[in-house]
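What the coordinates show
Here is what each chain is made of, one letter per residue.
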4 protein chains.
Amino acid sequence: MPSIYYPDFIALNQKDRADNIFNKTESGEVRTDNKWADVERIRKDIREFKAKNDLDKVIVLWTANTERYADVIANVNDTSDNLLEAIKSNHEEIAPSTVFAVASILEKVPYINGSPQNTFVPGVIELAEKYDSFIGGDDFKSGQTKIKSVLAQFLVDAGIKPLSIASYNHLGNNDGYNLSAPKQFRSKEISKQSVVDDMIESNEILYNKESGDKVDHCIVIKYVPAVGDSKVAMDEYYSELMLGGHNKISIHNVCEDSLLATPLIIDLVIMSEFLSRVQYKKVDEEQYHDFYSVLTLLSYWLKAPLSRPGFKPINGLNKQRQALENLLRLLVGLPVNNELRFEERLLV
Amino acid sequence: MPSIYYPDFIALNQKDRADNIFNKTESGEVRTDNKWADVERIRKDIREFKAKNDLDKVIVLWTANTERYADVIANVNDTSDNLLEAIKSNHEEIAPSTVFAVASILEKVPYINGSPQNTFVPGVIELAEKYDSFIGGDDFKSGQTKIKSVLAQFLVDAGIKPLSIASYNHLGNNDGYNLSAPKQFRSKEISKQSVVDDMIESNEILYNKESGDKVDHCIVIKYVPAVGDSKVAMDEYYSELMLGGHNKISIHNVCEDSLLATPLIIDLVIMSEFLSRVQYKKVDEEQYHDFYSVLTLLSYWLKAPLSRPGFKPINGLNKQRQALENLLRLLVGLPVNNELRFEERLLV
Amino acid sequence: MPSIYYPDFIALNQKDRADNIFNKTESGEVRTDNKWADVERIRKDIREFKAKNDLDKVIVLWTANTERYADVIANVNDTSDNLLEAIKSNHEEIAPSTVFAVASILEKVPYINGSPQNTFVPGVIELAEKYDSFIGGDDFKSGQTKIKSVLAQFLVDAGIKPLSIASYNHLGNNDGYNLSAPKQFRSKEISKQSVVDDMIESNEILYNKESGDKVDHCIVIKYVPAVGDSKVAMDEYYSELMLGGHNKISIHNVCEDSLLATPLIIDLVIMSEFLSRVQYKKVDEEQYHDFYSVLTLLSYWLKAPLSRPGFKPINGLNKQRQALENLLRLLVGLPVNNELRFEERLLV
Amino acid sequence: MPSIYYPDFIALNQKDRADNIFNKTESGEVRTDNKWADVERIRKDIREFKAKNDLDKVIVLWTANTERYADVIANVNDTSDNLLEAIKSNHEEIAPSTVFAVASILEKVPYINGSPQNTFVPGVIELAEKYDSFIGGDDFKSGQTKIKSVLAQFLVDAGIKPLSIASYNHLGNNDGYNLSAPKQFRSKEISKQSVVDDMIESNEILYNKESGDKVDHCIVIKYVPAVGDSKVAMDEYYSELMLGGHNKISIHNVCEDSLLATPLIIDLVIMSEFLSRVQYKKVDEEQYHDFYSVLTLLSYWLKAPLSRPGFKPINGLNKQRQALENLLRLLVGLPVNNELRFEERLLV
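Worth saying up front: this structure is predicted, and the values here are computed from it rather than measured. (Residues numbered from 1 in each chain as written. Chains lettered and ligands numbered in written order. Predicted model: local features only at pLDDT ≥ 70, side-chain atom pairs only at ≥ 80, totals over all residues. Heavy atoms only, no water.)

Observations concerning empty space enclosed by the protein
The gaps left among the atoms become clear once a water-sized probe is rolled over them. Put simply, the largest cavity is a space of about 210 Å³. Mapped onto the lining of the largest cavity, the elements with two or more residues apiece are β7 (246–256) of chain A, β7 (246–256) of chain B, β7 (246–256) of chain C together with β7 (246–256) of chain D. Of the residues belonging to the lining of the largest cavity, the class tally is eight nonpolar, eight polar and no charged. (1 Å grid on protein atoms, 1.4 Å probe; cavity = no way out; pocket = protein on both sides within 12 Å on 5 of 7 lines; lining within 4 Å. Points joined across faces, edges and corners; volume = space filled by probe spheres on them. Helix = DSSP H or I, 4+ residues; strand = E, 2+ residues; numbered from the N terminus. Nonpolar A, V, L, I, M, F, W, Y, C, P; charged D, E, K, R; others polar.)

A few points about the relation of the copies chain D and chain C
Of the transformation superimposing chain D on chain C, the axial component is 0.0 Å and the angular component is 180°, with the fit at an RMSD of 0.0 Å. Taken together, the turn and the small shift mark the pair as related by a two-fold rotation axis. Proximity to the rotation axis, assessed at the C-alpha, singles out I251 of chain D in chain D; its C-alpha lies 2.2 Å from the axis. Most of the interface of chain D is mirrored in chain C, where 100% of its interface residues again form contacts. (Least-squares fit on C-alpha atoms with pLDDT ≥ 70 in both. Contact = heavy atoms within 4.5 Å.)

What to know about the side chain of K188 of chain B
Residues and elements named next belong to chain B. Within the secondary structure, K188 is located in helix α7 (residues 182–193). Residue K188 is classed as buried on the basis of its relative accessible area, which comes to 9%. Sequence-distant contacts of K188, defined by excluding residues within four places in its chain, comprise P116, D139, L179, I221 and K303. (Buried < 20%, exposed > 50% of the residue type's maximum accessible area, 1.4 Å probe, protein only.)

Considering the relation of the copies chain A and chain D
Rotating chain A by 180° about the axis while translating it 0.1 Å along that axis superimposes it on chain D, leaving an RMSD of 0.0 Å. When the interface residues of chain A are mapped onto chain D, 100% of them again fall at the interface, so both copies present the same face.

Comments concerning the sheet that holds strand β2 (residues 111–113) of chain C
Residue and element names in this part refer to chain C. Spatial strand order, β1-β2-β3: three strands in an open sheet with parallel pairing. Looking along the sheet, the strands with just one partner apiece sit at the ends: β1 (60–62) and β3 (135–137). Averaged over all adjacent pairs, the angle separating strand axes in this sheet is 15°, with direction ignored. (Pairing = 2+ DSSP bridges. Axes fitted to C-alpha atoms, helices over the stretch in contact; angles between N-to-C directions.)

Looking at the domain arrangement of chain A
Residues and elements named next belong to chain A. Looking at the assigned domains, one finds that chain A contains domain 1 (7–133) and domain 2 (144–257). Every contact between the two is made by 13 residues of domain 1 and, on the other side, 13 residues of domain 2. For the pair domain 1 and domain 2, the two sides together bury roughly 1000 Å², of which 49% comes from carbon and sulfur. The tally of links from domain 1 across to domain 2 stands at zero salt bridges. At the junction of domain 1 and domain 2, the tally comes to seven residue pairs in polar contact (both at pLDDT 80 or more). (Domains from an automatic or database assignment. Buried area = accessible area lost by both parts, 1.4 Å probe. Salt bridge = Lys/Arg side-chain N within 4 Å of Asp/Glu carboxyl O. Polar contact = N/O pair within 3.5 Å; in protein donor to acceptor, adjacent residues only side chain to side chain.)

Rendered as structure tokens:
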């Protein structure tokens, strides 16, 4: 199925692969001056796909190339109205992934962003809220960052204070090739940074003004064609113990990138579909409601969780998991898990 | 302060270090034929230490050498009565750590075992129950096993199935020297094995009769004097992904063994003291109760958690931590954490 | 082609695989009381194989299971005469690999031992000398030990003093299964130890009585079925720098064991054949001679080089390689390499 | 002793550390418009230092910050005459290290460059030749590159074909801080690249047009203040075996950077002094000569060996070492080592 290609948003080296697109002139030249038509075309594609395959529901998930970040600009993409206007006037900061998001929202189809760029500019979130349509993101949490979210929290919880975390990656597939361009790498870097913030904020005894509240955190991604889809991630945690001692943990992680990402895609789609069907009403209400538009319960699978405006994202994997587990327990009538286990801890 | 030394229970290579003991004849020979007197002497030491230092409370924590396992034998150490009798008749399967445990229980002083051996034979647990005295164990969870409990669970939760875990350690301090003897190593090995059982049982989709319900788990500890207290742990997790793919995670962990263990000791003592003061009564009861004798809430710091007879130990670090956190929240009147966070997930 | 099986020499767990043997009774029971007949049968097999395939030359290479070490006993395997007698009287210390070696020597066929056991007891070496037949061994140098021979020498040459080397291996193929038996592992351990001796002896400034002349060297091999033929070797070098500083190098090496060993087999066979054809005479001699029986030039591919009685083995990989290179240069009339390169270092 | 500071050549972040310089105006402003005076001042410093300390000989060794590369420009630094002229006219491509080199050459004092930049532009080499003065460089070979030169050659010699080498470093000392600036890093990167070229050229069976003659070689250096002088180098070699198999070697190397570099400095100075005293004459000559100006025998300690114009540098550590060893053997009247060892390999 043909799609859209706005060259400015992905690495130049991807040009030859963009060989199945509809945003082009009759003579085959790429055009980016008709973005609203692109929205309409994608909406039509969704509808036709649903009808042709006789589907009850469609979920749209972006697993395409990492785009550069879009600038968030007042009067352009800061509100839903401005955003729609900006698309219509072909503003250069409207990314393809945002065009897909807008099309999905207008069709009331859940839309999930598996790449790191800021598809969900404020205008998109507001649009989703207006249409009661579901969105979730950003960036599949498949490997290094996932382990980092676990290990960093583990260390801090144990009173071991990471001073530096150096994260090196290399891979040889097309994802790596696209990320070898600086702007696209930058999107990834931002997405990978935030996980450490959580850790720092969670323990004021370790991290504070006096004893230092920063971690030297470096992130490197290199394109090394020889290794193909076999992605290598090396992380080194250098931490402070009591009495001036140190702890050094080095992790070397080799995995098939695609085989780690694919189950996440399946889980995200299944869970989005499920969450889109959950409804609730409060004790004294008559009417049932859907969940709020931003599906933060999907965070378990996402590196840089999109949060509801006014709330902080939850990066900790265990918290994310517990949320899912306890919601599901509640829905089937089980008590939530809290590990108090009084039955074994009390005398009688 | 002199202590006891039963040569059969620790490595032969420790002989020269046992130079401050009271279980010896006047001519200086070690004697193990007066074990009840040893119990009495330790009880007296506890009382005198408390009096001399004008203390409110004493906690006894075993951080001495790893002993060999004691055989659990019917009519010897299977009940509290048999155990006391066996001590009086100097049975060879009564370990020094058990003598300390019994003395502490009889003094109603909390006793924590930071080493891997089975100090808490069934007779000791029953004795603690009888005397409403607190016990907790076994084996400080300071390093490799702690991370393993986190990572193994992380992998299985993510649908990644560990097929083998190879754990290599070397250290050069006296702990390593003692563990270079086969029987003492065996105690450690048993203590380090169990963590993986939890992981296997937690996910029947990954681990079952059909697709395999075992993990090749090997544990090696080597005494390498050159590295001193700087303990090295190397773990390799080899796991199965979908479609026949594999993931390999190697961890190299260097730390000052003593600096990791010391905070655990402090935490265990503080928490034991605290838990020994918590009391509760049920809604319709008049009288307050102490917690049950086996302090399973200490499991967070212990490699092979001692559980209440009839209950399974909880090895998962996150569950152990959540238990502590939620108990403390409850005690100060906060709601327990369950991560449902409806305030951000519901529409209104 | 059926072969021989003496159960005492390999791991019990190999029993089921020994299903194509000729040393058995008519009712199928393994017999080890007819060892001279085994020698004769193998000699016949060699001759018939050569005739049937119309070959110019045969080379025999042992790539079968690692055997336990044979005891070297006076009057049993210490001289060639005693050895032949011991075979005829079915002495229990005559290993299958020695039976093959003797058969090959008597047929004047070069025999190479690719496994670690001491096939070449003194009696075998003397026999080879008597018959002017070629032998070479022991143990393919394919992986961890090969790198160790390079790295250890590199460190010492650089004035960096290794204090400890910890070497951990695991593999899941049948080689690993056989080595999980203690006696077979012991053969491997001896073979892997020697490489460090060279290093120590090469630098008396670093290693001496005063500053210490030992390295804590531990070797572990574990059978981990899950990893199959994908062998994992982890080495850690902990070394002393000047002024009390330290250097720590950790190596993690994953390879297909069989794919590393196969080229060695080919190289060993080709080189043995070649060396068996090289002849020389000294300036004033009339007659050409073969090389001496023990082909020490094969050491480049062998972990525990068999040396000529009275000479020390050369373990250093670079020296081994240089020997081969310079011999070949000499044979084709080129000057040997000595890296003096006066043409670029002198003024004119 | 004050020195010179040309801000354009080192990282901006070094500005505050340049607090002991003589190339400044009376009001304290740095000036770079008087370079010939700088040369003269350094010459004077050398002479005075020698006189004041009553020295026989002075050796100058550059262990200061890594500079950016200087452009090699026709009529500027391509010949010795042009170079001297360019200094006098304060050309912006004249680096501080070149100023020191020129001063040393004019004083006939050996000059060694321990940093990676191209101090030795063609004009400097020609000047050294003219004055029969000694120079040597570039860049101390202390750690990662040294091991790489050994391991890469080892692999290729063993018929194992590296397809990619990923090299990650981080350090937290001032060297790392300076290298965090792109131009200075670039100098280091060039210096670290060349080691692999040797390896590729040495084996045409592995590396050729048909089967591929490139290695994906990536080099990363990150400034991570937390780790201080404790430099971490992680290298991963991914190689091809026969039949489509692969080998992956990961090395993790932690060392005190300064403690590795210091002995190199001592060795370089001692060896330079020694080599400056070696003289030779050919059989039919009357007069003795010094060595050629570029001391390629120092390459053993240098990452990017400076070679004589018209000759290729020798990067292989073993070849470099053998050169030193055999020269020294020759000078004391021993035969050179060639490892032929006929005494043990020949029959009689």
